[in-house]
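Structure at a glance
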Amino acid sequence: MDEDEDRRLREIIPDISRISVALLRKVVGLHPAERIPEEALAVADEVLEEYGTDGLRVLVMSLAGWAAVEIERDAQTTGRTHEALLDDMDLTRLEANPDD
């Protein structure tokens, strides 16, 4: 990452972090669960429009960070490995999309 890119990304991190938490507030516990992708896509479209591809990159970094921390916390709490939790996530994905 060059200095200009680093500066651009740092400038939007606070906004995108706020947007990430707001998205999670909307989707955690949302029913039916099929609405989660709709909400996520709407937020991604808004971020793209307002912040461009840099915004999408920071959004992905933010959400990946939150997910990684929560998976680690869940692993510690349940005594399972990270890999076991990720395997369960992958199995859920396969069950939802059997043609993949």
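Structure report, in brief. It should be emphasised that the depicted structure is a prediction, and the values quoted were computed from it without experimental measurement.

The next subject is the nonpolar core. In globular proteins that are soluble, nonpolar side chains generally tend to be buried together. Listed in full, the eleven residues of the largest apolar core are Leu9, Ile12, Ile16, Ile19, Leu23, Val27, Val43, Val47, Tyr51, Val58 and Leu59. By residue number, the principal contributor to this core is helix H1 (residues 3–27), which donates six residues.

This part covers the layout of surface pockets. The computed volume of the largest pocket comes to approximately 370 Å³. Surrounding the largest pocket, Ala67, Glu70, Ile71, Asp74, Leu85, Met89 and Thr92 form its lining. For the lining of the largest pocket, the per-class residue count stands at four nonpolar, one polar and two charged. Residue lining of the second largest pocket: Leu23, Leu24, Val27, Val28, Gly29, Ile36, Pro37, Ala40, Leu41, Ala44, Leu59 and Leu63, and that is the complete set. Per-element tally for the lining of the second largest pocket: the top contributor is helix H2 (residues 35–78), with seven residues.

Each value, and the rule that gives it
- Residues numbered from 1 in each chain as written.
- Predicted model: local features only at pLDDT ≥ 70, side-chain atom pairs only at ≥ 80, totals over all residues.
- Heavy atoms only, no water.
- Core = buried A, V, L, I, M, F, W, Y, C linked by side-chain atoms within 4.5 Å.
- Buried < 20%, exposed > 50% of the residue type's maximum accessible area, 1.4 Å probe, protein only.
- Helix = DSSP H or I, 4+ residues; strand = E, 2+ residues; numbered from the N terminus.
- 1 Å grid on protein atoms, 1.4 Å probe; cavity = no way out; pocket = protein on both sides within 12 Å on 5 of 7 lines; lining within 4 Å.
- Points joined across faces, edges and corners; volume = space filled by probe spheres on them.
- Nonpolar A, V, L, I, M, F, W, Y, C, P; charged D, E, K, R; others polar.

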